[in-house]
Structure formats: structure tokens, C-alpha cells
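# Structure assessment
Each chain is listed here by its residues.
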Amino acid sequence: FFSSKPMVFLGNISMCVYMIHLLVAMLVAQLLGTPHGASPVWALVILVPVSVLLGWILTRFFEKPMAHLLRPRETKDKAAEVMATGPAQDPSPEV
């Protein structure tokens, strides 16, 4: 179940969804003219899809590119080397 495509997708975007959902909830409450936390239950029909969509957009166009840019260069080079040659062997003789 947890390895299904929808669950993996939600797992990949979960941090951005978590970070954006409160802002979306506050915006929905303001648009409905209700105090924060007092929105009707049906407002979830707006809140959940908008939060997931914005979470995906933030993950795709901000989080992933920034993670790629901020990754240390030597780690990228070492990873490419390991992929090409295989893991390093221990040079010490076995006793």
C-alpha cells in the first residue's frame, strides 16, 4: 500500500504540503469571511487539493532544483565514480 504510486507521490511532496497548508487554510478562511480555525468542514474540499497542488509545484520547481544546486560538488563526483567503478575495495589484507 505505502509503495503505491499515489503514496510515493504524496511522500515526495509531503514537506512542501505541510509547509503551505496553513497559509492556504488562512486564505480560505479569509475568503469565506470566517475566523481562522472556524471554517466549515466543506472548506476541506478547497484546502486539500489546493495544498497538494501548491506542494507539488513547490517541490518540483523549488525544492528539487535547490537541493540539486546545493549538493556539494565532490559528493556528485564521488557518486558518479562509484556508479561507474563500483564500491571501493578495502586495501588491507585479511588475516
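Nothing here was measured: the structure is a model prediction, and the numbers come from that model. (Residues numbered from 1 in each chain as written. Predicted model: local features only at pLDDT ≥ 70, side-chain atom pairs only at ≥ 80, totals over all residues. Heavy atoms only, no water.)

Along the backbone of the chain there are three helices and zero strands. Order of helices (α) and strands (β) in the chain, N terminus to C terminus: α-α-α. For the chain, the proportion of contacts with a sequence separation of at least 24, taken over those separated by at least 6, is 57%. Approximately 8000 Å² of the chain is accessible, and the part contributed by carbon and sulfur atoms is 71%. (Helix = DSSP H or I, 4+ residues; strand = E, 2+ residues; numbered from the N terminus. Contact = heavy atoms within 4.5 Å. Areas by Shrake-Rupley, 256 points an atom, 1.4 Å probe, with all protein chains shown as cover.)

This part covers the side chain of Thr59. Position of Thr59 among the secondary structure elements: in helix α2 (residues 44-70). With residues up to four places along the chain from it excluded, the contact list for Thr59 reads Asn12, Ile13, Cys16, Lys64 and Pro65.

Before going further, it helps to examine the confidence of the model for the chain. Averaged over all residues, the pLDDT of the chain equals 82, while 80% of them reach at least 70. Looking at the elements of the chain, mean pLDDT is at its lowest for helix α3 (residues 73-85), recorded as 66, and at its highest for α2, recorded as 90. (pLDDT = per-residue confidence, 0-100.)

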